[in-house]
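# A look at the structure
Here is what each chain is made of, one letter per residue.
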Amino acid sequence: MSRKINYMKKEILAELASSEENYTAQTLSQALSYDQADDFADLVKTLAKLEQAGDIAITSNGTLSIKQDKATYTGVFTQNARGFGFVKTDELEKDIFIGKGKTNGALQSDEVRVKITREALPVNDKSAEGEIAEVLVRHTTRLTGEFTPFNDNDKASTGFIGSVKPQNHGLDNLTALVRPDGLHPVEGEIVVVEIVDYPDDQHPFAVAGNVIQQIGHKDEPGVDILAILNMFEIPHEFPNEVLDHANEVPETISNDDLKGRKDHRDLLTITIDGADAKDLDDAISLSKLPNGNYQLGVHIADVSYYVTEDSAMDKEAYERGTSVYLTDRVVPMLPQRLSNGICSLHPNVDRLTMTAIMEIDHNGGIVDYDIHPSIIHSDYRMTYSDVNAIITDNDSELREKYSEITDMLENMATLHEILYNKRVSRGAIDFDSSEAKIIVDGEGHPTAIEVRERGVGERMIESFMLSANETVAGHFTRKVLPFIYRVHEQPDEDRMQRFLEFVTAFGIVPQGTKSSIRPKDIQNVLREVEGETFQPVVSMMLLRSMKQAKYDIEPIGHYGLAAEDYTHFTSPIRRYPDLIVHRLIHFYESHARPNADKQEKMKMKLSDIAEHSSKMERRSVDAERETDSLKKTEFMLDKIGMEFEGIISSVTGFGLFVELPNTVEGLVHISMLKDDYYNFVDSQLVLIGENTGKTYRIGDRVTVKVMDVNTDTRDIDFVIVKSEDNGESTSLQRQDNRKGGRGNNKGRKGNNRSRRRQQDKESNGGNRRNDQSGASKSHKENKNKHTGKPGQKGKKSGSKPQNGKAGGQGQNNKQNSNSKSKKSNQKRRFVIRQSKRK
């Protein structure tokens, strides 16, 4: 019935919008052939619903018309597990709150048209409210999850063979009913369901569909990662035609391949990468010129020579957009025959490359350059660890082993310092942060989590790649030719205004205004707060004001790097835009300048590539984060009841997040702060006790106890045992068991994951050759701002202590005493010494 009503709604609105006739219910029923008794009754009900929703108006004489007085917007819907959600639009600063029952069957990330039912109230800091009038584009067409079969009675009564609980983001509250038309999996299998029927008014949390793929049983090694790949619809197997094309590529270089290339095989050239890297796409040469300048050569694998335009490999690389780096595997953009073979710059073999030779003075200025196709012969395959040992630790054994290149490595380190200081002097913003390396065993189970250290080797390669990317981008900007750039826009003005107001509370007066603030001004703010207790709070607020870097055809520059021109040139094995940049260099070198018509067509195609590549990059980052979240929660499964030191990394109205030194993060739910009644002050990102004045803010050191770990939702629940500044906490509850942590987290499901997903820093899954824009959007600005009623800013978030006072202190002290006696054994190697946060 509900589907019929929904169909009627669309028909009625379409007819009233397209016809000039003054319809009544009677005449409209005849026009739409709904004049039979049952149909007419449904039509009247539908008209009543449309009038109630404000879609139509009914005059005193019964004439029908579409109401035009309500504002509508289009945007992307974000769903909360409790049934409500938000729509993000380009026109409004704050997301539109969509109440439970007003989502019209929209699912996570659907593009929708939303109708405003209550305007925003800026005075009360309340966002607008609305209801979804129409789903324009379905983002979710498939679901991935674990299959549970129905018994024979349920099969007979429902017509479905079972159900699937989706693992997809934002769909935790949804159930997928499995029709008998598709595959018939067994209990516990992870499957992919193609949606046939979407939610409606009667079944707002259910979809129906067919199983189209059986990934494997949930307990089989590697199935968890395959489930994530399918969840994000990331292809991880190459079609036969792509593999056939790859197999046609020769494994050696012929004389014909050298035509039009400069021969750099006589240059002393090395690669520097991680010890486990196999796709070596960049090599470096460096020498000192007679005038004292440096000649830096950045030689990049010429993938575009083998992956030709519109070929099977090219189309597949476009669709993938990027390689995806997961915990124990890489899903490559190109078949391994290329990525680990002819395109990888292995030592002691000839390889085709695209080279940028740059002459750099002692101030870091590029006084001359040349960009051209080339051939090189790499002499050494170096690792970061060995380079760091040679340069930083002065390892005598390694210096003897690599005596031929030791001087070059030291010159590289010196040049890196010059280039780094130049970036700093112009205002590049450094959002360097801790990055985890998850160690897994042969079956994919995490055994350790380490924090990656970035030494001089990693940093100097980064400096050289940034210089090459800027040089190539600047070259084509000056030529005013169609090109693809990596851009990072000026921060959002409203968010930046909030940041400027926020830092003044700490006595900091930044230069510039919300519309004119320079990267240098932001850098000065970060420098001014370095080492202060409130530094994490300031950094978080700054991140919230930044936009996300993306690809574009307009050279608008890179704000985070304070670079006027920037592109991605240095990783064509794993990023499609880099491959396109190489292809464009070849094209412009061998063709006359294209005419205006040809340039316009090129711009249209490049614009599509830029937009698609940006989307695939975000998909890749989300999948990488989801995998890390899964493995981190798996790692914590056997640590329930153990205590760890950590730092508050985020404060929200529903609680606070605590990050351990190894980057594992968990939630202390507001309901677990029993010693007082806590208010959340959004403008300062703090929780303040109403009676005691006790505060929790970002950067505070605390000791937490692991209460519960849920690998399905990727959630880790903590309770505070002690806070450094406030002394012993009464938050530790008597119910020291898994249910105690779990039962108080209703309504927060998915918040932990949403926070991690939205911290979209520019480092793509931790790969060191990306630009560092540090762009992120915090959940506090959108859906998690509403943990109950819309516009709850500054409202009371906690629960009163029993009997009006904080009880249970003696019990807590006893528990703490017992737990401390075991502390050294419990922590083992898991607790990593906290490094200074910069």
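Just so it is clear, the model here is predicted, and its values are computed rather than measured.

### Focus: the overall build of the protein chain
- Regarding its fold elements, the protein chain presents 21 helices and 34 strands.
- Here the protein chain holds 838 residues, and the buried ones make up 54% of them.
- In the protein chain, the proportion of contacts linking residues at least 24 apart, taken out of those at least 6 apart, comes to 69%.
- For the protein chain, the accessible surface area stands at approximately 36700 Å², while carbon and sulfur atoms represent 45% of it.

### Section: the sheet that holds strand β10 (residues 175-178)
- The strand order around the closed barrel formed by five strands is β8-β9-β10-β12-β11, and the pairing between neighbours is mixed. Strand after strand, the sheet turns through a mean of 50° between neighbouring axes, direction not considered.
- As paired strands, strand β11 (residues 189-197) and strand β12 (residues 206-217) are joined by eight bridges and run antiparallel to one another. In the sheet register, Ile195 faces β12, and the bridge partner there is Gly209.
- Packed onto the sheet, helix α5 (residues 223-231) meets β8 (142-149), β11 and β12 and runs at close to 140° relative to β12.

### Quick look at the packing of aromatic side chains
- Counting across every chain of the model gives 12 aromatic pairs.
- Consider the rings of Phe587 and Tyr588, whose centres lie 5.5 Å apart with planes at 70°: the pair is edge-to-face.
- Between Phe654 and Phe657 the ring centres are 6.1 Å apart and the planes differ by 90°, which places this aromatic pair in the edge-to-face class.
- A relative accessible area of 0% means that Phe657 is categorised as buried.
- Taken together, the ring pairs connect Phe476, Phe483, Tyr485, Phe587 and Tyr588 into an aromatic cluster.
- Between Arg320 and the ring centre of Phe238, over which it is positioned, the NZ or CZ distance is 3.8 Å.

### A closer look at helix α3 (residues 37-53)
- Across its 17 residues, α3 extends 25 Å between first and last C-alpha, which sits within 8% of the 24 Å expected from 1.5 Å per residue.
- Gly54 lies just past α3 and shows a positive phi near 85°.

### Here we look at the packing of helix α13 (residues 493-504) against helix α15 (residues 535-545)
- Closest axis-to-axis distance for the α13/α15 pair is 8 Å, and the angle between their directions is 165°. With respect to α15, the element α13 is oriented roughly antiparallel. Between α13 and α15 the crossing geometry is left-handed. Residues Arg495, Met496, Arg498, Phe499, Phe502 and Val503 of α13 pack against Val537, Val538, Met541, Leu542, Arg544 and Ser545 of α15.
- Here the contact of α13 with α15 is built from residues that sort into eight nonpolar, one polar and three charged.

### Details of the sheet that holds strand β31 (residues 695-697)
- Read from one edge to the other, the open sheet built from three strands follows the order β29-β30-β31, with strand pairing classed as antiparallel. Each of the sheet's edge strands pairs with one partner strand only, and the pair in question is β29 (678-681) and β31. For this sheet, the mean angle separating the axes of adjacent strands, direction not counted, is 20°.
- Direction of pairing for β29 relative to strand β30 (residues 686-689): antiparallel, over a ladder of four bridges. Across the sheet, the residue bridging to Phe680 is Leu687, located in β30.

### Looking at the nonpolar core
- In this structure, Ile272, Met382, Leu409, Met412 and Phe464 are the most contacted members of the largest nonpolar core, which totals 77 residues.
- Per element, the largest residue contribution to this core is eight residues, and it comes from helix α12 (residues 456-479).
- Residues in contact with Met382, not counting those within four places in the same chain, are Ile270, Thr271, Ile272, Asp273, Val387, Ile390, Tyr402, Ile405 and Leu409.
- Core analysis: the next-biggest nonpolar cluster, separate from the first, contains 52 residues, Ala436, Leu542, Val706 and Ile720 among them.

### With respect to helix α7 (residues 312-320)
- Along α7, the residues classified as buried are Met313, Asp314, Glu316, Ala317, Tyr318 and Arg320.
- In this structure, the buried residues of α7 make contact with α6 (240-248), β18 (329-331), α8 (336-342), α16 (576-590) and α17 (596-636).
- Once α7 ends, the next one or two residues include Gly321, with phi positive near 80°.

### Points about the pairing of strand β9 (residues 162-166)
- By the criterion of burial, β9 is predominantly enclosed, with four of the five residues buried.
- Where β8 lies against β9, five bridges are found, and the strand directions are antiparallel. Considered in β9, the bridge of Gly145 is made with Pro166.
- Bridging between β9 and β10 involves three bridges; their strand directions are antiparallel. Of the residues in β10, the one forming a bridge with Ser163 is Leu177.

### Brief notes about the pattern of salt bridges
- Enumeration according to the criterion identifies 31 salt bridges in this entry.
- Ionic pairing is found between Glu129 and Arg118, a salt bridge with its closest N-O pair at 2.9 Å. Of this pair, Glu129 sits in strand β7 (residues 129-137) while Arg118 is found in strand β6 (residues 111-118), placing the two residues 11 residues apart along the sequence.
- With its nearest N and O atoms 2.7 Å apart, the salt bridge here joins Asp263 to Arg265.
- Among the residues examined, Arg265 registers a relative accessible area of 31% and is labelled partly exposed.
- One network of salt bridges, with partners in common, ties together Arg179, Asp181 and Asp197.

### Looking at the environment of Asp715
- Here Asp715 is to be found in strand β33 (residues 715-723).
- Sequence separation of Asp715 and Gly666 is 49 residues, and the distance between their C-alpha atoms is 6.8 Å.
- One polar contact links Asp715 to Thr713, side chain to side chain, over a distance of 2.9 Å.

### Re the packing of helix α9 (residues 384-391) against α12
- Put simply, α9 and α12 touch, their axes get as near as 7 Å, and they point 105° apart. When the axes of α9 and α12 are compared, the pair comes out roughly perpendicular. Contact with α9, carried on its side by Tyr384, Val387, Asn388 and Ile391, involves Val456, Gly457, Glu458, Met460 and Ile461 of α12 and no other residues of that element.
- In the contact of α9 with α12, the residues fall into six nonpolar, two polar and one charged.

### Structural notes on the environment of Asn363
- When you line up the elements, Asn363 lands in the loop between β19 (350-360) and β20 (366-377).
- Residues Asn363 and Leu419, spaced 56 residues apart in sequence, show a C-alpha to C-alpha distance of 7.7 Å.
- Contact partners of Asn363, with chain neighbours within four places excluded, come to Ile418 and Lys422.

### Focus on the environment of Ser463
- Relative to the elements of secondary structure, Ser463 occurs in helix α12.
- Assessed through its relative accessible area of 0%, Ser463 is described here as buried.
- Separated by 43 residues in the primary sequence, Ser463 and Tyr420 place their C-alpha atoms 6.7 Å from one another.
- Discounting chain neighbours no more than four positions away, the residues touching Ser463 are His416, Leu419, Tyr420 and Arg423.
- Reaching out from Ser463, the side chain makes a polar contact with the side chain of Arg423 at a distance of 3.2 Å.

### Some points on the confidence of the model for the protein chain
- Considering every residue of the protein chain, the mean pLDDT works out to 83; 84% of them sit at 70 or more.
- Throughout residues 726-770 the model reports pLDDT below 50, and contacts reaching past four residues in sequence, or to other chains, amount to 176 contacts.
- Scored below 50 in pLDDT, residues 772-838 shows 174 contacts in the model against residues more than four places distant or in partner chains.

### Side note on unusual backbone geometry
- Despite not being glycine, Ser109 shows a phi value in the positive range, around 70°.
- Following the sequence through the fold, Ser109 ends up in the loop between β5 (96-98) and β6.
- Given the relative accessible area of 26%, Ser109 is considered partly exposed.
- Even without being a glycine, Asn348 presents a positive backbone phi close to 70°.
- In this structure Asn348 comes out as exposed when scored by relative accessible area, which is 53%.

Scoring rules and cut-offs
Residues numbered from 1 in each chain as written. Predicted model: local features only at pLDDT ≥ 70, side-chain atom pairs only at ≥ 80, totals over all residues. Heavy atoms only, no water. Helix = DSSP H or I, 4+ residues; strand = E, 2+ residues; numbered from the N terminus. Buried < 20%, exposed > 50% of the residue type's maximum accessible area, 1.4 Å probe, protein only. Contact = heavy atoms within 4.5 Å. Areas by Shrake-Rupley, 256 points an atom, 1.4 Å probe, with all protein chains shown as cover. Pairing = 2+ DSSP bridges. Axes fitted to C-alpha atoms, helices over the stretch in contact; angles between N-to-C directions. Phe/Tyr/Trp six-rings, centres within 6.5 Å; stacked < 30°, edge-to-face > 60°. Lys NZ or Arg CZ within 6 Å of the ring centre and 35° of its normal. Expected span 1.5 Å × (residues − 1). Parallel < 35°, antiparallel > 145°, perpendicular 65-115°, else oblique. Left-handed = near helix turned anticlockwise from the far one by under 90°. Nonpolar A, V, L, I, M, F, W, Y, C, P; charged D, E, K, R; others polar. Core = buried A, V, L, I, M, F, W, Y, C linked by side-chain atoms within 4.5 Å. Salt bridge = Lys/Arg side-chain N within 4 Å of Asp/Glu carboxyl O. Polar contact = N/O pair within 3.5 Å; in protein donor to acceptor, adjacent residues only side chain to side chain. pLDDT = per-residue confidence, 0-100.

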